[in-house]
Amino acid sequence: MASLPPSLEVLDLTNSELPPSVSLAHLSQLRVLHTYCSSIDDITMSSLPSSLTEFTLVSCTLMRTASFAHLHALYALSVISCDLSNELLLTLPPSLVSLTAVCCTVTPTAVLPLLPALRTLVVRDTGIGDGFVASLPAGLVKLYMVSCDS
């Protein structure tokens, strides 16, 4: 990854994994990242550039201590078949416009942080509860909630 040019704006790793504890800090122009079956630890997550606007994680392992908070430009996040802890949810940046969580291990006690820009939310096959629903932002325009346990 260190040899990738810093001018890179889109990185699609759909058919490959990010190496553990890899730093992407040198990709200062990165706007879009799609990754599959990767282990996203604190080192990798904290190295993501603040320019990131779209982030897709499929079948990834996310460390409970990781954080999205520094991704101030992030407007679209898709998390599919991943462990999405309640603590990690609370670090979602207020810039988020679209959030998709499918087949994730979200618990019934999970709540969303203040997400004033959130307009589209897709949750499917998760364990969300009443607290999550109560924390939905007032400006939400589209809600797709399918096969949620609670």
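Residues numbered from 1 in each chain as written. Predicted model: local features only at pLDDT ≥ 70, side-chain atom pairs only at ≥ 80, totals over all residues. Heavy atoms only, no water.

**Observations concerning the packing of aromatic side chains**
- Per the stated rule, a full pass over the model turns up one aromatic pair.
- Between the aromatic rings of Phe55 and Phe68, the centroid separation amounts to 6.3 Å while the plane-to-plane angle is 75°, which identifies the pairing as edge-to-face. Here the residue Phe55 occupies a position in strand E4 (residues 54–58), and Phe68 occupies one in the loop between strand E5 (61–62) and strand E6 (76–80), the gap between them amounting to 13 residues. Summarising the burial analysis for this pair, Phe55 and Phe68 share the class buried. (Phe/Tyr/Trp six-rings, centres within 6.5 Å; stacked < 30°, edge-to-face > 60°. Helix = DSSP H or I, 4+ residues; strand = E, 2+ residues; numbered from the N terminus. Buried < 20%, exposed > 50% of the residue type's maximum accessible area, 1.4 Å probe, protein only.)

**What to know about the pattern of salt bridges**
- Throughout the structure, instances matching the rule amount to two salt bridges.
- For the salt bridge of Arg31 with Glu9, the shortest nitrogen-to-oxygen distance reads 3.1 Å. Of this pair, Arg31 sits in the loop between strand E1 (10–13) and strand E2 (32–36) while Glu9 sits in the segment before E1; the two residues are 22 residues apart in sequence, bridging distant segments of the chain.
- Take Arg31: its relative accessible area is 33%, and that puts it in the partly exposed class.
- Of the charged contacts in the structure, one is a salt bridge between Arg124 and Asp125, with a shortest N-O distance of 3.4 Å.
- A residue is classified by how much of its surface remains accessible, and Arg124, at 38% relative accessible area, is partly exposed.
- By relative accessible area, which is 34% here, Asp125 ends up partly exposed. (Salt bridge = Lys/Arg side-chain N within 4 Å of Asp/Glu carboxyl O.)

**What to know about the pairing of E4**
- Summarising the sheet, E2 and E4 pair through five bridges and their orientation is parallel. Residue pairing across strands places Thr35 opposite Leu57, the latter belonging to E4.
- The pairing of E4 with E6 spans five bridges and is parallel. In the sheet register, Leu57 faces E6, and the bridge partner there is Val79. (Pairing = 2+ DSSP bridges.)

**Details of the environment of Val123**
- Mapping Val123 onto the fold places it in strand E8 (residues 120–124).
- The sequence separation of Val123 and Leu77 amounts to 46 residues, and the corresponding C-alpha distance is 12 Å.
- Setting aside its immediate chain neighbours within four residues, Val123 contacts Ala101, Ile128, Phe132, Tyr144, Met145, Val146 and Cys148. (Contact = heavy atoms within 4.5 Å.)

**A closer look at the sheet that holds E4**
- Reading across the sheet, the seven strands line up as E1-E2-E4-E6-E7-E8-E9 and stay open at both edges, with parallel pairing between neighbours. Each of the sheet's edge strands pairs with one partner strand only, and the pair in question is E1 and strand E9 (142–146). Direction aside, neighbouring strands of the sheet carry axes that sit 5° apart on average.
- Pairing of E1 with E2, which is carried by four bridges, proceeds in the parallel orientation. Paired with Leu11 across the bridge in E2 is Leu33. (Axes fitted to C-alpha atoms, helices over the stretch in contact; angles between N-to-C directions.)

Nothing here speaks to function; it is all geometry.
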